[in-house]
Amino acid sequence: MSEIRIQNLQKRFADFTAVRGSSLVLESGKFVVLLGPSGCGKTTTLRMIAGLEYPTGGTITLDGQDVTYLRPRERDIAMVFQLFALYPHMGVRGNLEFPLRNEGVPRAEIHRRVEEVAAILRIEHLLDSRVTGLAGGDRQRVALGRAIVRQPKAFLMDEPLGTLDAEFRELMCVELRKLHDRLKTTTVFVTHDQNEAMALADHIVVMNQGEILQADDPHGIYSFPSCLFVAKFIGRPPMNLLNVEAPVARGDNQVRMARRNIAVPATEAAAAAVVLGVRPEHVRLLGADQGALGGRVQHVEYFGSHWVAEVQTEAGPVKVLADKSARPVLEERVGLDFDTRHVVLFDAATELLLPSVTTIAHQPSMRHG
Ligand SMILES: Nc1ncnc2c1ncn2[C@@H]1O[C@H](COP(=O)(O)OP(=O)(O)OP(=O)(O)O)[C@@H](O)[C@H]1O
Ligand SMILES: [Mg+2]
């Protein structure tokens, strides 16, 4: 078990700043996902934790020990590079032994650890098989075994599922998460795929342009995005974002939109220009002339378990997620209502979440600064 703390971590490449003063506490035993678009600094952050890159500012500690400038081998953290490339000329046992032989671990200890890992992954019966010819699921387990046999204090993984096809990726997500639940080794996993992040993470750290925008559990990230960027980045279909017409004062529990008053959770701050955010599953379809906004159904997509309809309203297009029974009809005039408890507001100038009675009641489950 081990806790990783990064404090005001910074990385400059010549005059370009790739990581801008990140501070985070990666709690012992948690599966933490660094999520963000290409170029936001995920790999650079991970490489600094691994010791493959040295920061130009800030510190990294592992269980209280400053490891900022230690070489990779001197910190007990395993970077898992290629999770799925097995050595075809070696058997299962050879593949599992390889990382330990490389480290000069004594023979008896290698034998003990390989047997232990094989038992954890339920592949004892395959130890003397060749890897070529193994079924897909067994190959995955051998590959995972090779990563965990070193028993490091933490695992670092940089888009390890990136090259796999969708079906295999989903399977691997499940295997990885099950394994984590068993071993509880602190894991930092990089991806730009929000589905992967949601499926795997205890905590998600959303980054953009070298900055940490939010760090929380998946529910917190999804329900209370810290800013417009996170609101747009997380969730498919995305959160509806609508411009509010009048300034908002502290304590307001209604906002003005399309000449109507829309109920919102009471705000804890004022803002001159405001954006209202509501997720498609928190919008209800009603009959024409009912509800908070009116409009016409422009587009309907069927997903088997539900529909997603786009309604053109006086305030702009709004996506609605409706269950099967309420099939929206194209071109139909409808009314829309928002589930007030799930409405969030953003300050349009700063693009930050505007605190309200619901957002301040939520305690983020991860610390960052
Ligand atoms: N050695 C380097 N020299 C100069 N610039 C670099 C170097 N390594 C990374 N960068 C730049 O730093 C920024 C962050 O890169 P990084 O690889 O951390 O992004 P990322 O979030 O992992 O992106 P991706 O999703 O594409 O892998 C990018 O703009 C990249 O071009
Ligand atoms: Mg990267």
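Because the structure is a prediction, the values reported are computed rather than measured.

Visitor: An account of the nonpolar core is needed here, citing residue identities and associated values.
Guide: With 98 residues, the main nonpolar core has Val33, Val205 and Leu276 as its most contacted residues. Counting contributing residues per domain, this core is built from domain 1 (4-223) and domain 2 (237-361), each supplying no fewer than three. Beyond its immediate sequence surroundings of up to four residues, valine 33 is in contact with Phe189, Thr191, Ala197, Leu200, Ala201, Ile204 and Val205.

Visitor: How would you summarise unusual backbone geometry if you had to cite specific residues and measurements?
Guide: Put simply, arginine 236 and proline 237 share a cis peptide bond, and its omega is -5°. If you check the backbone angles, glutamate 331 has positive phi at about 75° while not being a glycine. Within the element layout of this structure, glutamate 331 appears in the loop between strand S18 (316-323) and strand S19 (333-338).

Visitor: I'd like a description of the domain arrangement of the chain, backed by residues and values.
Guide: Domain boundaries assigned for the chain yield domain 1 (4-223) and domain 2 (237-361). One C-alpha centre belongs to domain 1, the other to domain 2; they are set 39 Å apart.

Visitor: Quick rundown of the site of ligand 1? Include the residues and the values.
Guide: Every residue near ligand 1 is listed here: Phe13, Phe16, Ala18, Gly36, Ser38, Gly39, Cys40, Gly41, Lys42, Thr43, Thr44 and His192. No other element matches helix H1 (residues 42-50), which puts three residues into the shell around ligand 1. Among the residues forming the shell around ligand 1, the class breakdown is four nonpolar, seven polar and one charged.

Visitor: So, the sheet that holds strand S4 (residues 57-62): which residues are in play, and what are the values?
Guide: Reading across from one edge, S2-S1-S4-S5 is the order of the four strands in this open sheet, with antiparallel pairing throughout. Unpaired on one side and paired on the other, strand S2 (16-26) and strand S5 (65-66) mark the two borders of the sheet. Inspection of the sheet shows S4 paired to S5 by two bridges, in the antiparallel sense. Bridge pairing links leucine 62 to glutamine 65 in S5.

What counts and what doesn't
Residues numbered from 1 in each chain as written. Chains lettered and ligands numbered in written order. Predicted model: local features only at pLDDT ≥ 70, side-chain atom pairs only at ≥ 80, totals over all residues. Core = buried A, V, L, I, M, F, W, Y, C linked by C-beta atoms within 7 Å. Buried ≥ 20, exposed ≤ 12 C-beta atoms within 10 Å, placed from the backbone. Domains from an automatic or database assignment. Contact = placed C-beta atoms within 7 Å. Helix = DSSP H or I, 4+ residues; strand = E, 2+ residues; numbered from the N terminus. Near = placed C-beta within 6 Å. Nonpolar A, V, L, I, M, F, W, Y, C, P; charged D, E, K, R; others polar. Pairing = 2+ DSSP bridges.

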